[in-house]
Amino acid sequence: MSIGVQSVPELYTLLMGWDLYDKLWLLLTQTGLAYLPFIGLILRNVKESYIAYRDTGQVALRTMEINLIATLLLILFAASPCVPVDAHAVSYSPLCSSDQDQTYHPGDTGTTYDNAFSILTESVTIPLWWYAVISISEGVTHAANTFVSCPPNLRKMVTQVNMTKLSDPELKQELQDFETMCYIPARVQFNQDKQINRTTNLHRIEDNVKEYGVEDTEWLGSHSFSDVYYPNLTASHPIPGFPYHAEGDLNADINQNTLPAYGTPSCQDWWNEDTYGLKNRVYHALPHSFSEEFKNYQDGITHDDIVKKIISNNKDGFENANTTIGDYGYSYVVSALGIWAHQLEEYPKLYAASQAAPILQALVLLMIYVFLPFGLVFSSYRASTVITGGMLIFSVIFWGFIWHLVSWIDSALMQALYSSWFAKQGAGATLADMIIASLIIFAPLFWFIFMGAMGVAVGDIVSGFSLGIYKMSENATNKGSRITKQIATTASSTLL
């Protein structure tokens, strides 16, 4: 027998849960606890027949016979493990990823879960009812996921850029040299032209600013500077990768016998050259798959924002040139601190909840499988308990579709409300993040509330549990962000 699951963690928690179920059920049967409900069944039928009919004879016997048969059938189909499931028959097939045609099994997922969880060498057995519930639930959820198109993982795109830092010390040194030899002289010339010279260069710069934004003159890869000043500025020492040209060398007579290995490119070539230019070298600090995976979401401005963000991730001298907005510096810093202070409260919830969602789902299912033997025995093998348990398992497995739908909504809102992917974010981006942070928590909660409203008892059970989990995570996040928000508020007041 085979079963498909919704995530890599569930490959292991399903096997672990039913292995523990088997052992606990064996424990209950060997200790006799599993048979205690039969004593209660006999006493209950005798009492009810006596009260209703003043007779403990044939009526009690017939009622007891019917209840006994029903209980034995429930034990046979919903309590006693009988369907063998081999560990390698449990599989996970990603729906929306580059390896969506790949199927993973326990032990060969290529993740750290392979080492963290031991693989069962023997098959586990599952009661027929619960096997049917799990198979139908997983099948329905997978089919529902296919009805929603695979959204681009824009959160992954933004996160990868935000977390990428330069590890090559030579590249970092080159960026510092470029700032000293190119950006700072160009910036000085720009200020002189703006305040004193009033040259025609300002018109060309204004055209670039209209196209690329007011921040264009505030970072190393400025299009304005590359168009106006960088062609006339040259590196003061040879730069690896650039060919030597004698006509541009002031010391050509001295160097004619021993030619330098590399040349001194113009600042324009130093930044824009296809192979050795700083712009492309910084961009390629990202994973190799990044460019292909997100090629449909990268235009010229976005490419600049990516490079600018990677540079600003490094705590070096050129960082200030990328995050200060000239005459708009104070207003930008104050507004950015305000947005940042608000996002300090929302971002931890968003990141933690999205990363924890499939793990939480797998662990909740594990708890359900482990607790089932006790639930069946303590409820005296009632049919209502079996139905409620089936609905509970289906509801938790269906979280996979709910979060897939939330991912699609997240992608749509990011494209609609983000002004840019990697530059400073405004109110629209904050709104999108707040909505998604809420949906990750409240969409599954609403699903259970909806089921409760429809009369399914599981809604009442899990809605309270989910709300309690949310309250705990919210309190932890608020405590963690309160101190940082106070720092942001103090800094904002000082700047004002």
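K.L.:
Is there a simple way to think about the nonpolar core in this case?
P.N.:
Buried together is how nonpolar side chains tend to be arranged in soluble globular proteins. In this structure, Trp18, Trp130 and Ile393 are the most contacted members of the largest nonpolar core, which totals 100 residues. Among the elements that line this core, the one with the most residues is helix α1 (residues 8-31), at nine residues.

K.L.:
What is the right way to read the packing of helix α5 (residues 128-147) against helix α18 (residues 399-417) from this model?
P.N.:
Think of two packed helices as two axes; the pair is described by the angle between the axes and how far apart they sit. Viewed as axis vectors pointing N to C, α5 and α18 meet at an angle of 15°, and their least axial separation amounts to 8 Å. In terms of orientation, α5 lies roughly parallel with respect to α18. Read as a crossing pair, α5 and α18 show a hand that is right-handed. Residue-level contacts link Thr141, Ala144 and Asn145 of α5 to Gly400, Phe401 and His404 of α18. Looking at the contact of α5 with α18 residue by residue, the classes come out as two nonpolar, four polar and no charged.

K.L.:
Even after reading the chapter, I still don't get the packing of aromatic side chains, so can you show me in this structure?
P.N.:
Aromatic ring pairs are defined here through the distance separating the ring centres and the angle between the ring planes. The full count for this structure, using the stated rule, is 26 aromatic pairs. With a centroid separation of 5.7 Å and an interplanar angle of 80°, the aromatic rings of tryptophan 399 and phenylalanine 448 are classed as edge-to-face. On the criterion of sequence distance, the pair formed by tryptophan 399 in helix α18 and phenylalanine 448 in helix α19 (residues 427-453) is long-range, its members being 49 residues apart. In this structure phenylalanine 448 comes out as buried when scored by relative accessible area, which is 0%.

K.L.:
Would you mind showing me how to read α5 here?
P.N.:
An α-helical turn contains 3.6 residues, so any two residues separated by three or four positions project in the same direction. A rise of 1.5 Å per residue sets the reference length of α5, with its 20 residues, at 28 Å; its end C-alpha atoms lie 29 Å apart and thus fit the reference within 8%. Listed as buried for α5 are Trp130, Tyr131, Val133, Ile134, Ser137, Glu138, Thr141, Ala144 and Asn145.

K.L.:
For this particular structure, what's the right way to read unusual backbone geometry?
P.N.:
With the exception of glycine, most residues fall at negative phi, and the peptide bonds are largely trans. Its identity is not glycine, yet serine 380 carries a phi of approximately 60°, on the positive side. By relative accessible area, serine 380 is classed as partly exposed at 26%.

K.L.:
Looking at this model, I keep getting lost on the side chain of serine 7. Mind explaining?
P.N.:
When you line up the elements, serine 7 lands in the loop between β1 (3-5) and α1. Look at serine 7 and you get buried, because its relative accessible area is 5%. Excluding anything up to four places from it in sequence, serine 7 contacts Tyr92 and Pro358.

K.L.:
Whenever I open this one, the environment of phenylalanine 225 confuses me. Can you help?
P.N.:
With respect to the helices, strands and loops of the structure, phenylalanine 225 is situated in helix α9 (residues 223-228). The buried category is assigned to phenylalanine 225, whose relative accessible area is 0%. The sequence separation of phenylalanine 225 and asparagine 208 amounts to 17 residues, and the corresponding C-alpha distance is 9.4 Å. With near-sequence residues (within four places) excluded, phenylalanine 225 lies in contact with Tyr183, Ala186, Arg187, Phe190, Thr217, Tyr230 and Pro231.

What counts, and at which threshold
- Residues numbered from 1 in each chain as written.
- Predicted model: local features only at pLDDT ≥ 70, side-chain atom pairs only at ≥ 80, totals over all residues.
- Heavy atoms only, no water.
- Core = buried A, V, L, I, M, F, W, Y, C linked by side-chain atoms within 4.5 Å.
- Buried < 20%, exposed > 50% of the residue type's maximum accessible area, 1.4 Å probe, protein only.
- Helix = DSSP H or I, 4+ residues; strand = E, 2+ residues; numbered from the N terminus.
- Axes fitted to C-alpha atoms, helices over the stretch in contact; angles between N-to-C directions.
- Parallel < 35°, antiparallel > 145°, perpendicular 65-115°, else oblique.
- Left-handed = near helix turned anticlockwise from the far one by under 90°.
- Contact = heavy atoms within 4.5 Å.
- Nonpolar A, V, L, I, M, F, W, Y, C, P; charged D, E, K, R; others polar.
- Phe/Tyr/Trp six-rings, centres within 6.5 Å; stacked < 30°, edge-to-face > 60°.
- Expected span 1.5 Å × (residues − 1).

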